[in-house]
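Residues per chain, in single letters:
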Amino acid sequence: MASLKVYNSLTRQKEVFTPINAPYVGMYVCGPTVSGESHLGHARPFITFDVVFRYLQHLGYKVRYVRNITDAGHFEEEGREAEDKIATKAVLEKLEPMELVQKYTNMFHWAMQQFNNLPPSIEPTATGHIVEQIEMIKQIIADGYAYEANGSVYFDVEKYNTDFSKKGQPYGILSGRNLEDQLDTTRELDNQDEKQNKSDFALWKKAPPEHIMRWQSPWGEGFPGWHIECSAMSSKYLGKKFDIHGGGMDLQFPHHECEIAQSTVCNHVAPANYWLHNNMITINGKKMGKSYNNVIKLSELFAGTHPILEQAYAPNTVRFFILQSHYRGTLDFSNEALIAAEKAAKRLWEAYEWLSKQQVSDATPAATDIELDKKVNALVDDFEVFMSDDFSTPKVLANMFELVPIINGIKDKHTPITALSNSTVLHLQQSLKTYLEDIFGLVAPSAANTAVLDGVLQLLIEVRSQAKASKDFVTSDKIRNQLMALGIQLKDEKDGSVSYSVSN
RNA sequence: GGUCCUGUGGCCGAGUGGCUAGGCAGAGCUCUGCAAAAGCUUCCACAGCGGUUCGAAUCCGCUCGGGACCUCCA
């Protein structure tokens, strides 16, 4: 098993990954808030950690991957007025929060399937764990690190910081902030007067009358604070201390910082050993935001319906595009870049598909081109080296692209397959399959070919070949050009056969 | 304003102080009835200014630009 290194946000350096209780690995990733439709920004963390999940399993770990659904909070449906929440309407007319939550949860699951993300081992909901959250808050109060004020409960950040700094665990340990720097810079918010200090954060919020999601608690009717759900669910399903906590960089502060504080008080131990954060996606060099009007929903992305988009982009193209950059760098989204990714993914996949159909027995036990054989083995062997170096998917892909001309050279008979030993060919075939399909989770870029379509195309190819044989190029070109207009490209191979590829 | 990240060729993106990243686009050639596809070759780079060094895209400083976060919003 290769020694995996990961960049730990907590220590700000790459570290060898050592599970607490190998071969078991516990991984928690902050999931979506299902109060709206998922957008392009959501694609990055969930694809990134899907690949982490897949790679850990590839290395032989038994991973429990927990990703929550945040379905508790403040909900409004687009287009509906606040009056909808008032109880004077009939039950079926009123905004029912669980109906909204269900709708957006379904859409989220649909998008994850489109991306070919594996489902997490457990996908707990915040509303399903209110009891656990209340218990946790009670514990924090009992330990003296939270206080009640007017039906709400706040975490005492000052006290926590004072006490835990002595143990080397100050508030700000993850984000690199220190408490003193922040006190002056906070903007004005509601209910600040309830807090003893501006840096305190809510564990439980009293529900105002119009708030539609509310639960009974020792402090009255209300709803849980923003951060507590992840602490409650991660410790319930992964234990007080687990291996990996992941999420977007935007969550590092305050969300993850607060999780650490809460869990450390409750469980007397910091929650996770390794904190992994993916960077953000920008669009044409600008961050995604409502003010720029560049928030692209995933359904719009796949259909090409957002004004920014010049065409539709297949989920697989987006996935490939994301894997072409390292997860900790920002990634700029543009039509030009996506179109380039689409073409690149196609070229890579077609070479892979062709190779996977070749019989290894056609090669020979010993390579006739020792240099090439060595080169191929070196390129393939580096897949694992690169992936084990903090998941360097772009470097693995670069190596794959160096293999493409070699594979196509064999296909076009520039290079005999016997140049490589049969063990090398087998190694190449298996490694490409493992990395492209099992770890990267990529799929064939073209639309699904049905048996019927294939039959029709074989017929057309045969007719065209006959036309060509009798020098009837008008007919042969007509078949070729009209198929092209339909998105079906015919390719005259070197050996006289004809293949085709279907674009979406 | 504070904390942190970042600035690579037409576009997207790797990058260890000295050795080709890779993809897409462009140019030439080969193959082809013509194309496409594919193969081969090739152009284009390290924001700016200083410094350290035998040598810096890679280390340090400054300037300019971009980005994230700065608490009840997930």
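Computed from a prediction, not measured in an experiment: that's the story for all the values here. (Residues numbered from 1 in each chain as written. Chains lettered and ligands numbered in written order. Predicted model: local features only at pLDDT ≥ 70, side-chain atom pairs only at ≥ 80, totals over all residues. Heavy atoms only, no water.)

**Some thoughts on the state of the cysteines**
Then, number 1: Applying the stated criterion to the full structure yields zero disulfides.
Then, number 2: Free of any disulfide, C230 has its nearest cysteine sulfur in C30, 3.9 Å distant.
Then, number 3: Look at C230 and you get buried, because its relative accessible area is 2%.
Then, number 4: A disulfide-free cysteine, C266 has its sulfur positioned 14 Å from the sulfur of C258, the nearest such atom.
Then, number 5: In this structure C266 comes out as buried when scored by relative accessible area, which is 10%. (Disulfide = S-S within 2.5 Å. Buried < 20%, exposed > 50% of the residue type's maximum accessible area, 1.4 Å probe, protein only.)

**Looking at the sheet that holds strand β9 (residues 242–248)**
Picture the strands of a sheet paired through backbone hydrogen bonds; they go either parallel or antiparallel.
Then, number 1: Within the open sheet, the four strands sit side by side as β4-β3-β9-β10. Their pairing is parallel. Edge positions in the sheet fall to β4 (62–67) and β10 (272–278), since each has one partner strand and no second. Each neighbouring strand pair of the sheet contributes to a mean axis angle of 20 degrees, computed without reference to strand direction.
Then, number 2: Relative to β4, strand β3 (residues 24–29) is paired through six bridges, and the arrangement is parallel. Opposite V25, over in β4, you have V63 as the bridge partner.
Then, number 3: Across the sheet, helix α6 (residues 228–238) lies against β3, β4 and β9, angled at about 165 degrees from β3, the strand it touches most. (Pairing = 2+ DSSP bridges. Helix = DSSP H or I, 4+ residues; strand = E, 2+ residues; numbered from the N terminus. Axes fitted to C-alpha atoms, helices over the stretch in contact; angles between N-to-C directions. Contact = heavy atoms within 4.5 Å.)

**As for unusual backbone geometry**
Then, number 1: With an omega dihedral of 5 degrees, the bond running from A22 to P23 counts as a cis peptide bond.
Then, number 2: Within the secondary structure, P23 sits in the loop between β2 (13–16) and β3.
Then, number 3: The backbone phi angle of H268 is positive, close to 60 degrees, even though this residue is not glycine.
Then, number 4: Relative to the elements of secondary structure, H268 occurs in the loop between α7 (252–267) and β10.
Then, number 5: Located in the positive-phi region is D390, a residue other than glycine, with phi close to 60 degrees.
Then, number 6: With respect to the helices and strands, the residue D390 is situated in the loop between α11 (370–387) and α12 (393–411).

**Quick look at the confidence of the model for chain A**
Then, number 1: On average, residues of chain A carry a pLDDT of 87, and 91% of them reach 70 or more.
Then, number 2: Scored below 50 in pLDDT, residues 81–87 shows eleven contacts in the model against residues more than four places distant or in partner chains.
Then, number 3: A low-confidence stretch, residues 184–190 (pLDDT under 50), is modelled with four contacts involving residues beyond four sequence positions or located in other chains. (pLDDT = per-residue confidence, 0-100.)

**Let's talk about helix α13 (residues 422–439)**
One turn of an α-helix holds 3.6 residues; hence residues three or four places apart share an orientation.
Then, number 1: For α13, built from 18 residues, the straight-helix expectation of 26 Å at 1.5 Å per residue is met to within 8% by its first-to-last C-alpha distance of 24 Å.
Then, number 2: Of the residues making up α13, those classed as buried are T424, V425, L428, Q429, S431, L432, Y435, L436 and I439.
Then, number 3: Turning to α13, the residues buried within the fold contact α1 (40–58), α10 (335–356), α11 and α12.
Then, number 4: One or two positions beyond α13, positive phi appears at G441, with a value near 70 degrees. (Expected span 1.5 Å × (residues − 1).)

**Notes on the side chain of E15**
Then, number 1: Note on placement: E15 falls in strand β2.
Then, number 2: Put simply, E15 is tucked away with no salt bridge, and the nearest opposite charge, on R12, sits 9.6 Å away.
Then, number 3: At 3.1 Å, the side chain of E15 and the side chain of N8 are in polar contact.
Then, number 4: Leaving out residues up to four positions away in the same chain, E15 has contacts with L4, K5, V6, N8 and Y274. (Lys, Arg positive; Asp, Glu negative; His and termini not counted. Salt bridge = Lys/Arg side-chain N within 4 Å of Asp/Glu carboxyl O. Polar contact = N/O pair within 3.5 Å; in protein donor to acceptor, adjacent residues only side chain to side chain.)

**Some remarks on the domain arrangement of chain A**
Then, number 1: With domains assigned, chain A is organised as domain 1 (5–146 + 156–176 + 227–278), domain 2 (283–439) and domain 3 (451–502).
Then, number 2: Between the C-alpha centres of domain 2 and domain 3 the distance comes to 27 Å.
Then, number 3: Across the boundary between the two partners, domain 2 contributes five residues, which contact five residues of domain 3.
Then, number 4: Between domain 2 and domain 3 the total buried area reaches about 410 Å² when both faces are included, carbon and sulfur atoms providing 41% of it.
Then, number 5: For the pair domain 2 and domain 3, the interface holds two salt bridges.
Then, number 6: As a salt-bridge pair, K491 and E350 come within 2.5 Å of each other at their nearest N and O atoms.
Then, number 7: Along the contact surface separating domain 2 from domain 3 lie four residue pairs in polar contact (both at pLDDT 80 or more).
Then, number 8: Looking at the side of domain 2 that touches domain 3, its residues break down into no nonpolar, one polar and four charged. (Domains from an automatic or database assignment. Buried area = accessible area lost by both parts, 1.4 Å probe. Nonpolar A, V, L, I, M, F, W, Y, C, P; charged D, E, K, R; others polar.)

**A closer look at the packing of α11 against α12**
Then, number 1: The geometry of α11 relative to α12 is characterised by a closest axis approach of 8 Å and an angle of 160 degrees between their N-to-C directions. Judged on the interaxial angle alone, α12 and α11 are roughly antiparallel. Crossing of α11 over α12 shows left-handed handedness. In this structure, α11 contributes L372, K375, V376, L379, V380, D382, F383, F386 and M387 to the contact, and α12 contributes T393, K395, V396, N399, M400, E402, L403 and I406. (Parallel < 35°, antiparallel > 145°, perpendicular 65-115°, else oblique. Left-handed = near helix turned anticlockwise from the far one by under 90°.)

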